[in-house]
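Okay, here's what each chain looks like letter by letter:
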Amino acid sequence: MTLQQEIVGTATQMAVVSLQPGRTVYCEAGKFLFKTSNVTMETRLSGPPGGGGGQAAGAGGGSGTSGMSGMLRQAMGTAIQAGQRALAGESLAFQYFTSTGGEGTVGFAGVLPGEMRALELDGSRAWFAEKDAFVAAESSVVFGIAFQGGKTGRSGGEGFILEKFTGLGTVIICGAGNFIDLNPADFGGRIEVDTGCIVAFEEGIQYGVQRVGGLNRQGLMNAVFGGEGLSLATLEGNGRVILQSLTIEGLANALRKAQGGDKQGPAGGLFSTNAG
């Protein structure tokens, strides 16, 4: 059953979730806004039961040695999940909300001004999202970390580590600015975008990174003065892609300029003082 939720607001949106009795939704620590008093809140390091920690827990249902072994596997699974999230720069903990004694309400929001989107997972395709895009999900949705391999990750910056969502149910994501939905198949099978503009894409879309131009005069002009640095992200295939109109680097530069601390001048590109 689809999670009952409503996304409200304009410039900065939030998700208001209606929880049926006994139903659970979880969020990354720091994304919770409010709840009704009949909704319980629990903070845990482990992911939802569908993840590695939950599977390990179910394996040790016996007593004695087998029980200790199951507890150890559960602890190891939780430690691995938390370690992956820490390596990705994500929150170590999740907060779980369960309605008791009737329908409850929980509110969530992102950390930047922008849009939110509810994605419905039917088990056939996973979704991948940029870091910090995750807001909340049903307990039947599994949150994971995907490491974009080798050359692509080193070149792409923001694209090296992605959030991955599998399972069944609703997951809510957020981004900066406004969203646009595209399908590379509608544009000859391939689109090229600023690496900071990607919010999420379906499994089946191939993500890569390419250099902006060649090692010639125009290529150097693009990299130094074009505002994109040395690389663009490439998205190929047939599936949904969600892009955002505002990048975190662009927002940081605008705030720095407003505070009188902008040292990059009019050039942008490689002259950007943004460190993150």
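Not measured: the values here are computed from a predicted model. (Residues numbered from 1 in each chain as written. Predicted model: local features only at pLDDT ≥ 70, side-chain atom pairs only at ≥ 80, totals over all residues. Heavy atoms only, no water.)

Peer 1: Before we move on, could you go through the packing of aromatic side chains and cite the residues and values that matter?
Peer 2: A complete count under the given rule lists twelve aromatic pairs for this structure. Between the aromatic rings of Tyr 26 and Phe 134, the centroid separation amounts to 5.6 Å while the plane-to-plane angle is 40°, which identifies the pairing as tilted. Of this pair, Tyr 26 sits in strand S3 (residues 24-28) while Phe 134 is found in strand S10 (residues 134-138), placing the two residues 108 residues apart along the sequence. Judged by relative accessible area, which is 0%, Tyr 26 ranks as buried. Phe 134 sits in the buried class, given a relative accessible area of 0%. Counting every residue linked through ring pairs, the aromatic cluster contains Tyr 26, Phe 94, Tyr 96, Phe 134, Phe 143 and Phe 165. (Phe/Tyr/Trp six-rings, centres within 6.5 Å; stacked < 30°, edge-to-face > 60°. Helix = DSSP H or I, 4+ residues; strand = E, 2+ residues; numbered from the N terminus. Buried < 20%, exposed > 50% of the residue type's maximum accessible area, 1.4 Å probe, protein only.)

Peer 1: So what's going on with the sheet that holds strand S7 (residues 104-109)? Residues and values would help.
Peer 2: Overall, antiparallel pairing links the four strands, which are arranged S1-S2-S7-S4 in an open sheet. In this open sheet, the two edge strands, each paired with only one partner strand, are strand S1 (4-8) and strand S4 (32-35). Neighbour-to-neighbour, the strand axes of this sheet turn through a mean angle of 20°, independent of strand direction. Alignment of S1 against strand S2 (residues 14-19), held across five bridges, turns out to be antiparallel. When the sheet's bridge partners are listed, Gln 4 is paired in S2 with Ser 18. (Pairing = 2+ DSSP bridges. Axes fitted to C-alpha atoms, helices over the stretch in contact; angles between N-to-C directions.)

Peer 1: How would you explain the sheet that holds strand S14 (residues 190-193) if you had to name every residue and give the values?
Peer 2: Hydrogen bonds between backbone atoms are what pair the strands of a sheet, whose relative direction is either parallel or antiparallel. Ordered in space as S14-S17-S16, the three strands form an open sheet in which the pairing is antiparallel. The open sheet terminates on both sides in strands that have one partner only, identified here as S14 and strand S16 (206-211). When strand polarity is set aside, the average angle formed by the axes of neighbouring strands in this sheet is 30°. Inspection of the sheet shows S14 paired to strand S17 (residues 231-236) by four bridges, in the antiparallel sense. The partner of Ile 191 across the bridge, within S17, is Leu 235.

Peer 1: Account for the environment of Gln 13, naming residues and giving values.
Peer 2: Tracing the backbone through its elements, the reader meets Gln 13 in the loop between S1 and S2. Through-space distance from the C-alpha of Gln 13 to that of Gly 114 is 6.4 Å; in sequence the pair is 101 residues apart. If we skip the residues at most four places from it in the chain, Gln 13 touches Ile 7, Val 8, Ala 109, Gly 114, Glu 115 and Met 116. In this structure the side chain of Gln 13 is engaged in a polar contact, spanning 3.3 Å, whose partner is the backbone oxygen of Gly 9. (Contact = heavy atoms within 4.5 Å. Polar contact = N/O pair within 3.5 Å; in protein donor to acceptor, adjacent residues only side chain to side chain.)

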